[in-house]
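# Residue-level structural notes
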Amino acid sequence: MLVKNKSDISMSEITAESVFLSRRKFIENTASLTLLGAAAMGGASLVAAAPQDKTFTNLPRSPFSTAIPPNRFEDVSTYNNFYEFGTAKEAPALYAGGLRTRPWTVQVEGEVKKTGQYALDDFLKPYALEERIYRFRCVEAWSMVVPWVGIALRDVIKGLQPGSRAKYVEFTTLHDPTQMPGQKRNVLDWPYVEGLRIDEATHPLALLAVGMYGRVLPNQNGAPLRLIVPWKYGFKSIKSIVKIRFLEDPPVSTWMWSAPSEYGFYANVNPDVDHPRWSQAKERRLGEIFKQKTLPFNGYADQVASLYTGMDLRKNF
Ligand SMILES: Nc1nc2c(c(=O)[nH]1)N[C@H]1C(S)=C(S)[C@@H](COP(=O)(O)O)O[C@H]1N2
Ligand SMILES: [Mo]
């Protein structure tokens, strides 16, 4: 697994105190992680410290991981889209600290056998965690490479036993303006909702993430539970999930509701289909100066293109 040491971590442009403090914590954490990693035995486990400081040990690395070197933790955790905490890229790192991620419940509804309300830790207990290094491409044309910690969404879905009428899966973010001050403004139709076709959701690449860089997800990255769909634009990867609903008909996602001509249900990364207001042909990786070409399905075409055979991907954008 990935362990950074102090010399790999340099201070970046943002100097806000809370960000600086959380970075300090990360440095201290990773130092102790090295020791724990050497001592620990057995499978992946969560080492308890203060709740926000938990680190994972002995994580197996998924073969689905890219060999591209990951971005720096401090870039991935300070340049975020999480409109529940404001629309500026630095807002989530500054204002998500008050989000309470325990206790946390996940409600399961709809065309599925195991409906109910689950405490998050019970919900996740049956599954082994792994590290998956994925490319990630925002619709706004920046990209990054992130070592997520999580479990295959397909395993969770299998465990919940959807019925034959379950053709789609819908995910919903927490709605609580006292914890998520951005929800006091009507920038989106809260709560944030996203959805996948059931065959997309059960594709082996779709991930439910609980961590990144070997530690629990920072709140600004979608703690305590978020979706990662690496072949789709970032907005499909919904954060801070409280509800999973199985449906016969396609759900209406938040972005489709707010701007249907700009954000479709599929949102597969496609360099040949421009966003109405900008090109999607290139992307700029966080921390880099030059742009690079965007790949069809964000580089995952070999694995996922067959999900869309026969579909017009210009119409189904
Ligand atoms: N609930 C919620 N989920 C969300 C968003 C959001 O505003 N609210 N933004 C999306 C967008 S547009 C992107 S690019 C990614 C950003 O993830 P990151 O901040 O971990 O990089 O989260 C996605 N998930
Ligand atoms: Mo995005």
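Read on for an overview of the structure. Computed from a prediction, not measured in an experiment: that's the story for all the values here.

Basis of the calculations
- Residues numbered from 1 in each chain as written.
- Chains lettered and ligands numbered in written order.
- Predicted model: local features only at pLDDT ≥ 70, side-chain atom pairs only at ≥ 80, totals over all residues.
- Heavy atoms only, no water.
- Helix = DSSP H or I, 4+ residues; strand = E, 2+ residues; numbered from the N terminus.
- Buried < 20%, exposed > 50% of the residue type's maximum accessible area, 1.4 Å probe, protein only.
- Contact = heavy atoms within 4.5 Å.
- Near = heavy atom within 4 Å.
- Polar contact = N/O pair within 3.5 Å; in protein donor to acceptor, adjacent residues only side chain to side chain.
- Areas by Shrake-Rupley, 256 points an atom, 1.4 Å probe, with all protein chains shown as cover.
- Nonpolar A, V, L, I, M, F, W, Y, C, P; charged D, E, K, R; others polar.
- Core = buried A, V, L, I, M, F, W, Y, C linked by side-chain atoms within 4.5 Å.
- Salt bridge = Lys/Arg side-chain N within 4 Å of Asp/Glu carboxyl O.

### Digging into the overall build of the chain
A count of helical and extended segments in the chain gives eight helices and 14 strands. Expressed as a percentage of the 317 residues in the chain, the buried residues total 52%. Intrachain contacts of the chain at a sequence separation of at least 6 include 70% that bridge at least 24 residues.

### What about the site of ligand 1?
In the vicinity of ligand 1 there are 18 residues, among which N80, Y83, E84, R226 and K239 approach most closely. N80 places a side-chain nitrogen or oxygen 2.9 Å from an oxygen atom of ligand 1. Between S237 and ligand 1, the recorded distance is 2.9 Å, taken from a backbone N or O atom to a nitrogen atom. Protein contacts shield 99% of the accessible area of ligand 1, which totals 540 Å² for the unbound molecule. Partitioning the shell around ligand 1 into residue classes produces nine nonpolar, six polar and three charged.

### Concerning the nonpolar core
By size, the foremost hydrophobic cluster in this structure holds 79 residues, and its most contacted members are W148 and W231. Considering each element in turn, this core owes the most residues, six residues, to strand β6 (residues 142-152).

### Concerning the side chain of R197
Note that R197 resides in strand β8 (residues 193-197). A polar side-chain atom of R197 sits 3.2 Å from a polar atom in the side chain of Y266. With residues up to four places along the chain from it excluded, the contact list for R197 reads K167, Y168, F265, Y266, L307, Y308 and M311.

### A word on the pattern of salt bridges
Applying the stated criterion across every chain, the model contains 17 salt bridges. Put simply, R102 and D121 hold a salt bridge, and the shortest N to O gap is 2.9 Å. Of this pair, R102 sits in the loop between α3 (91-95) and β3 (105-110) while D121 sits in helix α4 (residues 120-124); the two residues are 19 residues apart in sequence, bridging distant segments of the chain. According to the relative accessible area criterion, D121 is partly exposed, its value standing at 40%. Between K125 and D122 there is a salt bridge, with its nearest N and O atoms 3.7 Å apart. It is possible to trace a salt-bridge network through shared partners that takes in R72, E74 and D75.

Scope: geometric values only; no functional claims are made or implied.
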